[in-house]
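# Coordinate inspection notes
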Amino acid sequence: MDILGISCFYHDSAACLVRDGNILAAAQEERFSRKKHDPRFPKNAVAYCLKEGGIEPRALDYVVFYDKPFLTFERLLMSYLTVAPKGLRSWLEAMPLWLGRKLHMPKVIQNEIGYEGDVLFTEHHEAHAASAFYPSPFEEAAILTIDGVGEWATASYGFGKGREMTLLKELHFPDSLGLLYSAFTYFTGFRVNSGEYKLMGLAPYGVPRYKDRILSELVDVKADGSIRLNLSYFNFLGGLRMTGRRFSRLFGGPPRMPETEITQREMDIAASIQAVTEEIVLRMVRTVHDETSQKNLCLAGGVALNCVANGRVLREGPFEDIWIQPAAGDAGGALGAALSVWHRYLENERIHPKGHDGQKGSYLGPSFSDEEIMAFLDRSGYPFHRLEIGRRAKIIAGLIAEGRIVGYLAGRMEFGPRALGARSILGDPRRGDTQSLMNLKIKYRESFRPFAPSVLEEKASEYFDMDTPSPYMLLVAYVQEVRRLPQSSGDGMPMLERLKARRSDIPAVTHLDYSARIQTVNDVDKPDYHAVVSEFEKLTGCGVIVNTSFNVRGEPIVCTPRDAYQCFMRTEMDALVLENCILYKEEQPVWKEGKDWRSELELD
Ligand SMILES: [Fe+2]
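Rules used in this analysis
Residues numbered from 1 in each chain as written. Predicted model: local features only at pLDDT ≥ 70, side-chain atom pairs only at ≥ 80, totals over all residues. Heavy atoms only, no water. Helix = DSSP H or I, 4+ residues; strand = E, 2+ residues; numbered from the N terminus. Rg over C-alpha atoms; globule rule 2.2 N^0.38 Å. Buried < 20%, exposed > 50% of the residue type's maximum accessible area, 1.4 Å probe, protein only. Areas by Shrake-Rupley, 256 points an atom, 1.4 Å probe, with all protein chains shown as cover. 1 Å grid on protein atoms, 1.4 Å probe; cavity = no way out; pocket = protein on both sides within 12 Å on 5 of 7 lines; lining within 4 Å. Points joined across faces, edges and corners; volume = space filled by probe spheres on them. Nonpolar A, V, L, I, M, F, W, Y, C, P; charged D, E, K, R; others polar. Phe/Tyr/Trp six-rings, centres within 6.5 Å; stacked < 30°, edge-to-face > 60°. Lys NZ or Arg CZ within 6 Å of the ring centre and 35° of its normal. Core = buried A, V, L, I, M, F, W, Y, C linked by side-chain atoms within 4.5 Å. Contact = heavy atoms within 4.5 Å. Pairing = 2+ DSSP bridges. Axes fitted to C-alpha atoms, helices over the stretch in contact; angles between N-to-C directions.

### Some thoughts on the overall build of the protein
The number of helices and strands found in the protein is 20 helices and 21 strands. Against the compact-globule benchmark of 25 Å for 604 residues, the protein has a radius of gyration of 23 Å, which places it among compact chains. With the C-alpha coordinates of the protein rotated into their principal frame, the extents come out at 65 × 65 × 55 Å. The buried share of the protein, reckoned over its 604 residues, is 60%. Accessible area of the protein: about 23,800 Å², with a carbon and sulfur share of 50%.

### Thoughts on empty space enclosed by the protein
According to the stated counting rule, one finds three cavities of 30 Å³ or more in the structure shown. Looking at the largest cavity, its volume works out to about 70 Å³. Every residue along the wall of the largest cavity is listed here: Gly361, Tyr363, Pro471, Tyr472, Gln519, Thr520, Val521, Asn522, Asp525 and Lys526. Split into classes, the residues belonging to the lining of the largest cavity amount to four nonpolar, four polar and two charged. Taken as a whole, the second largest cavity encloses approximately 50 Å³ of empty space. Along the walls of the second largest cavity sit Ile146, Val281, Leu299, Ala300, Val303, Ala304, Ala309 and Asn310, which together make up its complete lining. The set of elements that each furnish at least two residues to the lining of the second largest cavity consists of strand E11 (296-300) and helix H12 (307-316).

### A look at the layout of surface pockets
Space inside the second largest pocket adds up to approximately 580 Å³. Around the second largest pocket sit 23 residues that line it, and Pro137, Trp323, Asp357, Pro469 and Pro471 are the ones nearest its centre. Considering every element that reaches the lining of the second largest pocket, the biggest residue donor is strand E12 (residues 321-324), with four residues. Grouping the constituent residues of the lining of the second largest pocket by class yields 13 nonpolar, five polar and five charged.

### Observations concerning unusual backbone geometry
For the peptide bond that leads from phenylalanine 173 to proline 174, omega is 5°, which places it in the cis range. Residue placement: proline 174 occurs in the loop between strand E8 (164-172) and helix H7 (177-187). Of note in the backbone geometry, lysine 360 takes a positive phi value of approximately 55° without being a glycine. Its place among the elements puts lysine 360 in the loop between helix H13 (332-345) and helix H14 (370-380).

### Describing the packing of aromatic side chains
The full count for this structure, using the stated rule, is 22 aromatic pairs. Plain terms: the ring middles of phenylalanine 247 and phenylalanine 251 are 5.0 Å apart, the flat faces sit at 40° to each other, and that makes the pair tilted. By the burial criterion, phenylalanine 247 is buried, and phenylalanine 251 matches it. Aromatic ring contacts, followed pair by pair, group Phe184, Phe187, Tyr210, Phe234, Phe247 and Phe251 into a single cluster. Against the face of tyrosine 233 rests arginine 246, its NZ or CZ located 4.4 Å from the ring centre. Seen from the ring of tyrosine 197, arginine 418 lies directly overhead, with NZ or CZ sitting 4.1 Å from the centre.

### Digging into the nonpolar core
Counting 133 residues, the largest nonpolar core has Phe184, Phe251 and Leu297 as the members making the most contacts within it. Ranked by residues supplied to this core, first place goes to helix H11 (residues 264-292) with eleven residues. What phenylalanine 184 contacts, discounting residues up to four positions off in sequence, is Leu199, Ile214, Leu218, Phe247, Phe251, Ile269 and Ile273.

### Details of the sheet that holds strand E3 (residues 22-28)
Backbone hydrogen bonds hold the strands of a sheet together, and the pairing may be parallel or antiparallel. The five strands are arranged E3-E2-E1-E4-E5 in an open sheet whose pairing can be described as mixed. Here the strands that pair on one side only, and so sit at the sheet edges, are E3 and strand E5 (119-121). Geometrically, the sheet is characterised by an average inter-axis angle of 20° between neighbouring strands, direction not taken into account. In the sheet, strand E2 (residues 14-19) pairs with E3 via six bridges, with the strands oriented antiparallel. Bridge assignment links valine 18 to a residue of E3, and that residue is isoleucine 23. In the packing of H13 onto the sheet, the strands contacted are strand E1 (2-7), E2, E3, strand E4 (62-65) and E5, and the crossing angle to E1 comes to about 140°.

### Comments concerning the pairing of strand E6 (residues 140-146)
A large share of E6 lies buried, amounting to six of its seven residues. Bridge count between E6 and strand E7 (residues 153-161): seven bridges; the pairing is antiparallel. When the bridges of E7 are listed, isoleucine 146 appears paired with alanine 155. Pairing geometry for E6 and E11, over four bridges, is parallel. Paired with leucine 144 across the strands is leucine 299, a residue of E11.

Pasting the structure below:
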């Protein structure tokens, strides 16, 4: 039984193929179309899933869409009527897509993929909840989903047991923690729906001096974690911008313009909204615990990508363990929708997970064989060397230990926003200059955020104050106290200088507050990558390496060897690993591009 899940037309389109309840393939459209957060119909991702499954579209048993378009249409219509005629412009801009495509989804889907069978729909938060619970390692668990907005719901909770999932309560638009966070993302000059990570990373630079103002003016937080927004401050009902003039007055002036200097105000705002968000999430989590009496919690929805809040839920929350869907945003809705059809609609039992999740490390995308790679390299005339299996990890680790920056493409591409060692750029975390080198010469950005560490799962607690695995880089924990170095307050210092101060023996991955966004690596889900980190530890005594996504700013993470080679040549990366082949920069022919490629990337 083959079920294809689809999410699209909002943000970050994706497709997922589930065969007999097993996640066979999942990928975001942006990786194929090379347009970041591509919201269009995921025709390339669908084609990939069908190819991976070895089937024709006609052979699919069901196709399911992760959202009920009519309910969303109703919300948009009602929201418009609430503020009419104020929101007319944004309303008119949204309408052609709605009338042309979204309301006719079954026909659109059938035509796009050449499928004639039934098209099913799940509710948006049902898809998020299913994406959190069904692949989780728990036989039963509480479920909490928090995002911007689905049809009407902005958060929901319930519990899952076996194949059953029961959703108990929802919070409704416009009261939305995701939209509240996004309003601040906009106000601090970052891109809504993708810059939320930056706002979170900015928070340790600031002092939460606006926290009380946010709580007294903008949002009423109830004891159970439900919220009520004061709509006189926001513009998302009617406008194209998220915040209005009253909002600006509350925070001492207009929003920061994108790409301009980040001042102490933005840092303090970031610290404040992050503190408010953590408080709301922790309250919600406590309520879910009280209402469900479960030991374990599953999380999804865009807000579940806030790994600082997740770290606090794990440390301070009442749940013993948590599992977060790695594709927690809308891309993961494709996966949730397909699993929901299998378990809820078709009533198939769930196989007892016995403590293992069904996400397969989230390595659910395309892979390339050595034969394919060598054929590509030979055809293109790009010099390479074969890596002997026995020496592969040692050679790569040796390069990293020498301070070289290595592009690494191996195995199936990750599903979800994080690179987990299948499409990553690797570096040495011990060096003081790795952070700025990778930012300025590889990613082409000047970032105030440190990079994330990949650490051997079995050694994670030697480096970080954490005793559970974090394979999906969705938890933030603190560098162990013995590794920390004292630092000055940094007051008055420019922000990039503050980040440069050496804070631990792994400075490239240690944030101002000694926190790190951790990926633990094990030899079951990702043996090739585990071997590289192990060899690095043997060489250096350090079981941690820097792992950043394989792309430059504004570009989706690379998918194919061709994408990887292009990114390798456009940047100052020293070596490129493509499965069992390695390419050295100094041996490559001169790279020429006719046009200015950087001007074609939209800054994120
Ligand atoms: Fe969502």
